[in-house]
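For reference, the chains in residue letters:
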Amino acid sequence: MIPPIARRFVAGESVPEALDHVRARNADGVAVMLNLLGEHYDDPGNARADVDAYLALLDDIADSGLDACVSVKPSQIGLDVSADLFEEHYREIVARAHEHDAFVWYDMENADTTDATLDAFESIAADYPWSVGQCLQSNLKRTREDLERLVDVPGKIRLVKGAYDEPAAIAYKKRSRVDEAYREDLAFLFERRERGVAVGSHDPAMIALSDRLAREHGTAYEVQMLMGVREDAQRDLATQGVDVSQYAPYGDKWISYFYRRVRERRENLTFAVRAVFGR
Ligand code: FAD
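The protein carries the name proline dehydrogenase in an unreviewed UniProt entry, which gives Halorubrum trueperi as its organism. Checking UniProt for the protein, the heading Pathway (unreviewed entry) contains the comment "Amino-acid degradation; L-proline degradation into L-glutamate; L-glutamate from L-proline: step 1/2." On record in UniProt, under Cofactor (unreviewed entry), the comment for the protein is "FAD".

So, in C-alpha cells, the structure goes:
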C-alpha cells in the first residue's frame, strides 16, 4: 500500500487506481500522461514486461474513453540492453497507440541516451504522424541543434529544463543559464512550429512566456506539469482554456520516485518527514 503522503505524487500501484486518478483530473479539465514506474532494465525480460503493460494500458485507456496517454522511459523498454531492442519496442508501443488514435510520449534520460532516443523518435514519427512526442532538455548544449533537426518532424516536442546532472562540457550548469536556454528554445519552437509544442515546466515565468509566444505566433501548445506539483495552477490554467496535461506515475516501484520528488524541493521535505514518522 502506498502511504497517503506518497499518494500526492503517485497515482496508485494498479491500473484501476491510475485510471481513477485520470477520471478525477479529467473532471478538472486536465488530461493525464500515465507513466508506469520502472527504469534502467538490463534484463530484456523486464523490458518486455513493461512493453506489454503499456500495450494493455493503451487498450484500457481506449476502452475507458478517458483523456489520457502514456509517457515511457527509454531505459524501461530496452535502451540499456540495445538500441535495436529499444527501437523495436518504441515502434510497437507507438503502433498500438496509432491503432487507437491515442498518443505516446517518450521521456528523455541521461545524455548518453540522447542520440538513440532522438533517432527512434525521428524515424517512428515519420511512420506514425502525430501519435508520438519526445522530450528534449534545454540544459544540454546540443539541444538547439537537435530542435533544428526535429522541427519539421510530425510529432510533438516536450521542452523541459532537464533533470539529469550532466558534465559541464555538454550541459549548462548555472540555473540562470539553463533558464536562458529554455527561453530561447521555447521562442524557437513557437516561432517555427504551428502545433505540437509542450511546455514541461512549473515555472510561472515560462508559462507566461509561452502564453505571449502563442499569441504572437498562433502556435497550438500545451502545458505539462507533474502530479503533486502546483496542481492549483494546473486547474487554473485549464479553466482559462489552456491545454494542460499532468504527468502521473503509477506502479509498485514508487519509493525511489517519491524520494526524488522530495529531494527536489524543501517544501516537500515536510511531507517526507511525515511519511517516515507516520503523521
Ligand atoms: P524550476 O526551475 O525547478 O522552478 C522554477 C520555478 O517554478 C520556481 O522558482 C517556482 O516558482 C516554480 N515551482 C517549481 N516547482 C514548484 C513546486 N513544487 N511548488 C511550487 N512552485 C514550484 N526532465 C528530464 O530530464 N526528462 C524528462 O523526460 C522530463 N519529463 C518531464 C515531464 C514533465 C511533465 C515535467 C513537468 C517535467 C519533466 N522533467 C523531465 C523535469 C524537468 O527537466 C525539470 O527538472 C523540472 O520540471 C523542474 O523544472 P521547472 O521548469 O519545473 O522549474
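Once you've had a look at it, read on.
Either a parallel or an antiparallel arrangement is found when strands of a sheet pair, and the pairing is made through backbone hydrogen bonds. Spatially, β1-β2-β3-β4-β5-β6-β7-β8 is the arrangement adopted by the eight strands of the closed barrel, whose pairing is parallel. This sheet shows a mean twist of 25° between the axes of neighbouring strands, independent of strand direction. Packing of helix α3 (residues 44-64) onto the sheet brings it into contact with β1 (31-36) and β2 (68-72), and relative to β2 it is tilted by some 170°. Strand contacts of helix α4 (residues 83-99): β2, β3 (104-106) and β4 (132-137), with the helix running at about 150° to β3, the strand carrying the most contacts.

Of note in the backbone geometry, W130 takes a positive phi value of approximately 60° without being a glycine. The phi angle at R230 is positive, at roughly 50°, despite the residue not being glycine. Summarising the element assignment, R230 is placed in the loop between β7 (221-226) and α9 (231-239).

Taken together, 21 residues lie around the ligand, and D107, V160, A163, S201 and D203 are the ones closest in. Looking at the shell around the ligand, the elements with two or more residues in it are β4 and β7. A per-element tally of the shell around the ligand places β7 first, with three residues. By residue class, the composition of the shell around the ligand is ten nonpolar, six polar and five charged.

Criteria and thresholds
Numbers given to residues run from 1 along each chain, matching the order in which its sequence is written. At least 70 in pLDDT is required for a residue's local features to be given in this predicted model, at least 80 for side-chain atom pairs to be given and counted, and no such filter applies to totals for whole chains, interfaces and linings, which use all residues. UniProt positions are given in the numbering used here, feature names are shortened, and annotations may be inferred rather than shown by experiment. Any two strands with at least two DSSP bridges between them are considered paired. Helix and strand assignments come from DSSP, with helices taken as H or I runs of at least 4 residues and strands as E runs of at least 2, each series counted from the N terminus. Under this scheme, a helix contributes an axis fitted over its contacting stretch, all axes are lines through C-alpha atoms, and angles between N-to-C directions fall in the 0 to 180 degree range. For every residue pair, C-beta atoms are placed from the backbone, and the pair is scored as a contact if these atoms sit within 7 Å. As used in this record, a residue near a molecule or strand is one whose C-beta atom, placed from the backbone, is within 6 Å of it. Following the grouping adopted for this structure description, the nonpolar residues are Ala, Val, Leu, Ile, Met, Phe, Trp, Tyr, Cys and Pro, the charged ones are Asp, Glu, Lys and Arg, and the polar ones are all others, Gly among them.

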